[in-house]
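Letter by letter, the chains look like this.
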Amino acid sequence: LKLDDIDGLKEYFKHILMDAKYVNNMFLLNSYIKNFPPLYGLLLSKLVYAEKNGITFNINVCSEISIGDVSLPDFCRIIGVLLDNALEAAAESEKKVMELDISKSNNGINIKIINTFSGNIDLNKIFDLGFTTKKEHTGYGLYEVGKLLKKYDKMTLKTDVSEETFTQNLFIKR
């Protein structure tokens, strides 16, 4: 301020905001997900990845996690694939933004992952074995998610695409 360095001040403020978001995300992880260590660890690793790749990763958790009769490895595999895909797509986009919302409803839990992306996405093919929009990828992740979802009557995944955002909405009924 004394030097009247507005650009320097903006840069400093940007770093302060990033630190505040990280602390905010850590508080949410600690307060709502501390009783669910597998998801806690998974989200912590994804936060680190986002930070290293310049992705703004907003986490909004409004309830504790309950997955009913869904096996823990299956749940973690599904969430891991969805988060990885969202992070990779956000990293390649201009805005580099991702959001995770976890909320409870009367009859279950809703986990929504939203990310920015660039390019085109064919929703009719994303769950096909071998389909990928990324170089050096196998196209196996969402195919595996589709197989896992078929194992559980109480779990559904809805996928939406708009001009700039891709949304995966996982619902687990009680």
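Above this text sits the structure in question.
First, a word on scope: everything that follows refers to the structure included in this document. (Residues numbered from 1 in each chain as written. Predicted model: local features only at pLDDT ≥ 70, side-chain atom pairs only at ≥ 80, totals over all residues. Heavy atoms only, no water.)

1. Here's the deal with the overall build of the protein chain
Spelled out, the test is: For the purposes of this entry, the term helix denotes a DSSP run of H or I that reaches at least four residues, the term strand denotes a run of E that reaches at least two, and both are numbered from the N terminus. Exposure is judged per residue with a 1.4 Å probe applied to protein chains only, and the accessible area is read against the type maximum: over 50% gives exposed, under 20% gives buried, and values in between give partly exposed. By definition, residues are in contact when any of their heavy atoms lie within 4.5 Å. Only the protein chains shown count as cover for residues, and the accessible areas themselves come from Shrake-Rupley with a 1.4 Å probe.
Helix and strand content of the protein chain: four helices and five strands. Every one of the 174 residues in the protein chain was classed for burial, and the buried ones make up 37%. A separation threshold of at least 6 residues defines the contact pool for the protein chain, and within that pool the share at least 24 residues apart is 65%. A total of about 10,600 Å² of accessible surface is found on the protein chain, and carbon and sulfur atoms cover 53% of it.

2. Things to note about helix 4 (residues 141-150)
Of the positions making up helix 4, those classed as buried are Leu 142, Glu 144, Val 145, Gly 146, Leu 148 and Leu 149. Buried residues belonging to helix 4 abut helix 3 (72-92), strand 4 (155-161) and strand 5 (165-173).

3. Observations concerning the nonpolar core
So the rule is basically this: Definition used in this section: a nonpolar core is a set of buried Ala, Val, Leu, Ile, Met, Phe, Trp, Tyr and Cys residues joined via side-chain atoms within 4.5 Å.
By size, the foremost hydrophobic cluster in this structure holds 42 residues, and its most contacted members are Leu 39, Phe 57, Phe 75 and Ile 102. If you list the elements that add at least two residues to this core, you get helix 2 (37-52), strand 1 (56-61), helix 3, strand 2 (97-105), strand 3 (108-116), helix 4, strand 4 and strand 5. With 10 residues, helix 3 is the single largest residue contributor to this core.

4. Quick notes on the sheet that holds strand 2
To be explicit about the condition: Strands pair, by our definition, only if DSSP identifies at least two bridges between them. To obtain an axis, a line is fitted to C-alpha atoms, over the contacting stretch when the element is a helix, and the angle between two such axes runs from 0 to 180 degrees between their N-to-C directions.
Read across the open sheet, the five strands follow the order 1-2-3-5-4; overall the sheet is mixed. Of all strands in the sheet, those bounded by a partner on one side alone are strand 1 and strand 4. Taken over all neighbouring pairs, the strand axes of this sheet differ in orientation by 10° on average, direction set aside. Bridging between strand 4 and strand 5 involves seven bridges; their strand directions are antiparallel. From the neighbouring strand, Met 155 faces strand 5, where its bridge partner is Ile 172. Those strands touched by helix 2 are strand 1 and strand 2, and its axis lies near 155° from that of strand 1. Packing against the sheet, helix 3 makes contact with strand 1, strand 2, strand 3, strand 4 and strand 5, and its axis sits at approximately 25° to strand 3.

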